[in-house]
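The lines below spell out each chain.
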Amino acid sequence: MANTPPRDPARFGPSTRLVHAGRDPSAQHGFVNTPIYRGSTVLFPTYDDLQHRRARFTYGTAGSPTIEALAQAWTELSGAAGTVLTPSGLAAVTVALMSVVNAGDHLLVTDSAYRPTRQFCDGVLARFGVEIEYYDPLIGAGIVASLRANTRAVLVEAPGSQSFEMQDVPAIAEAVHARGGSVIMDNTWATPLLFPAHARGVDLVIEAGTKYLSGGSDLLLGLTTANAKHWPALRRTFDHFAMCAGPEDVFLGLRGLRTMALRLREHGQQALAMAEWLQARPEVLRVLHPALPDDPGHAIWKRDFSGASGLFGVILKPASAGAVAAMLDGLELFGMGFSWGGFESLVIPFDCKAYRTATSWEPGGPGLRFHIGLEDLDDLKADLDAGFARLRAAR
């Protein structure tokens, strides 16, 4: 029996489901993992089979056993009707949006959205006749005032990219659905383990598997899930674009899936401890982390989320660019680089001012975004302590 998938996976906890979802050793000659299937051409045994596309797999862009394994596992984990896999998180955003909006539609996008998402909306969707409007992420149920007769969808992200505002996703979803619209969410920060977006009213959910699903900073992958109502359109749009993830990246995603709960738990605990330590630093104006009790979005986070990940922001007290550079350039353990979710700790400076349009960004000092990895916390603190000494000296 151990060589066959569990008959009723819903009765198990999330860690058990992560270990077993999408695996069928009996179909792989007893081997634990689904192998990497590479290929474009699929052969049909007869003329009639080819004419009627009578096969489990028909062509490389339509899927493979490797792709199917991860898609099925993520669908189960997310409580969705189906999943498509794309070559990046941004690709997952684009296929979700393109499956919903049409020329002449009105699209509401949170002002705290991932910047490349904004660039796609303003640079591609607007060019094809979609009207883009940005809204205050803190608007909650008040979004009803921004809905129009042609509002097709609302895009949410919680917490917000860089600035970490919490959105009241259930309230937004209720208001939008009452007017016949759709809700799309970038859920990369939390993953389905910490925020069950479909259960909270979201129709299409985007995840960058590049982050916590990978855990190793060694792949690019996107996942888009849909509920039953939106699944046919999502799958149709995906097939039209043939926006396929690479087989090796999908395999690495499957491998990362098995340990994601453990890693995410450790990232979350480490990050919260570091956030509390930074909160007490004299160089820090405030910490942007929804799990902190005094964070403005803490009540929503506590109500809707079951945990926090390893990513948060810090606003320093006023300091020159040279002082910030002195702090960051001498760090030994914190790397400076984009993305996050891997085993290593990262930091980048950020400033939302240039691309916020519905809200103003006046933080009171330089912003730093931290991802806390799996290193010893005392070592990370010592690295930052030395960095703060350089910051003070350069002021």
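In what follows, the accompanying structure is described.

Definitions and limits used
- Residues numbered from 1 in each chain as written.
- Predicted model: local features only at pLDDT ≥ 70, side-chain atom pairs only at ≥ 80, totals over all residues.
- Heavy atoms only, no water.
- Phe/Tyr/Trp six-rings, centres within 6.5 Å; stacked < 30°, edge-to-face > 60°.
- Helix = DSSP H or I, 4+ residues; strand = E, 2+ residues; numbered from the N terminus.
- Buried < 20%, exposed > 50% of the residue type's maximum accessible area, 1.4 Å probe, protein only.
- Disulfide = S-S within 2.5 Å.
- Pairing = 2+ DSSP bridges.
- Axes fitted to C-alpha atoms, helices over the stretch in contact; angles between N-to-C directions.
- Contact = heavy atoms within 4.5 Å.
- Parallel < 35°, antiparallel > 145°, perpendicular 65-115°, else oblique.
- Left-handed = near helix turned anticlockwise from the far one by under 90°.
- Nonpolar A, V, L, I, M, F, W, Y, C, P; charged D, E, K, R; others polar.
- Core = buried A, V, L, I, M, F, W, Y, C linked by side-chain atoms within 4.5 Å.
- Arc of directions from axis to C-beta.

1. Description of the packing of aromatic side chains
Inference 1: Enumeration over the complete set of coordinates arrives at six aromatic pairs.
Inference 2: Ring centres of tyrosine 212 and tryptophan 340 lie 5.6 Å apart, and the angle between their planes is 65°; this geometry places the pair in the edge-to-face category. Of the two residues, tyrosine 212 sits in the loop between strand S6 (204-208) and strand S7 (222-226) while tryptophan 340 sits in the loop between helix H12 (321-329) and strand S10 (346-350), which places them 128 residues apart along the sequence. Accessibility classification places tyrosine 212 together with tryptophan 340 in one group, the buried group.
Inference 3: Their ring planes at 40° and their centres at 6.0 Å tell us that phenylalanine 350 and tryptophan 361 sit as a pair that is tilted.

2. With respect to the state of the cysteines
Inference 1: All told, the structure shown has zero disulfides when counted by the stated rule.
Inference 2: Note on cysteine 121: no disulfide assigned, nearest cysteine sulfur contributed by cysteine 352 at a separation of 17 Å.

3. What about the sheet that holds strand S1 (residues 82-86)?
Inference 1: Here we have seven strands laid out as an open sheet, ordered S1-S7-S6-S5-S4-S2-S3, and mixed in their pairing. Either end of the sheet is taken by a strand with one partner, and the two such strands are S1 and strand S3 (131-135). Across the sheet, the axes of successive neighbouring strands diverge by a mean angle of 20°, strand direction being ignored.
Inference 2: In the sheet, strand S4 (residues 151-157) pairs with strand S5 (residues 182-186) via five bridges, with the strands oriented parallel. The residue bridging glutamate 157 from the neighbouring strand is aspartate 186, located in S5.
Inference 3: Strands in contact with helix H5 (residues 115-125) are strand S2 (106-110), S3 and S4; relative to S3, the strand with the most contacts, it is inclined by about 155°.

4. Some points on the packing of helix H4 (residues 89-98) against H5
Inference 1: Interhelical geometry of H4 versus H5 gives an angle of 45° and a closest axis separation of 10 Å. Between H4 and H5, the crossing angle belongs to the class labelled oblique. As for the relative orientation of H4 and H5, their crossing is right-handed in sense. Where H4 abuts H5, its residues Leu90, Val93, Thr94, Leu97 and Met98 lie against Pro116, Thr117, Phe120, Cys121 and Leu125.
Inference 2: Looking at side-chain class alone, the contact of H4 with H5 contains eight nonpolar, two polar and no charged residues.

5. Observations regarding the nonpolar core
A general feature of soluble globular proteins is that nonpolar side chains tend to end up buried together.
Inference 1: Judged by nonpolar contacts, the single largest core of 56 residues is most densely connected at Val154 and Trp189.
Inference 2: Of all the secondary structure elements, the ones that give two or more residues to this core are helix H3 (65-78), S4, helix H6 (169-178), S5, helix H7 (191-194), helix H9 (247-257), helix H10 (260-279) and strand S9 (311-316).
Inference 3: Apart from residues no more than four positions distant in its own chain, tryptophan 189 is found in contact with Pro159, Phe164, Tyr212, Pro290, Trp301, Phe305, Gly307, Ala308, Ser309, Leu311 and Trp340.

6. Digging into H9
Inference 1: Of the residues making up H9, those classed as buried are Val250, Gly253, Leu254, Gly256 and Leu257. On an axial view of H9, the arc spanned by its buried residues comes to 165°, and they lie on one face.
Inference 2: Structurally, H9 contributes buried residues whose contacts are with helix H1 (14-20), H3, S1 and H10.

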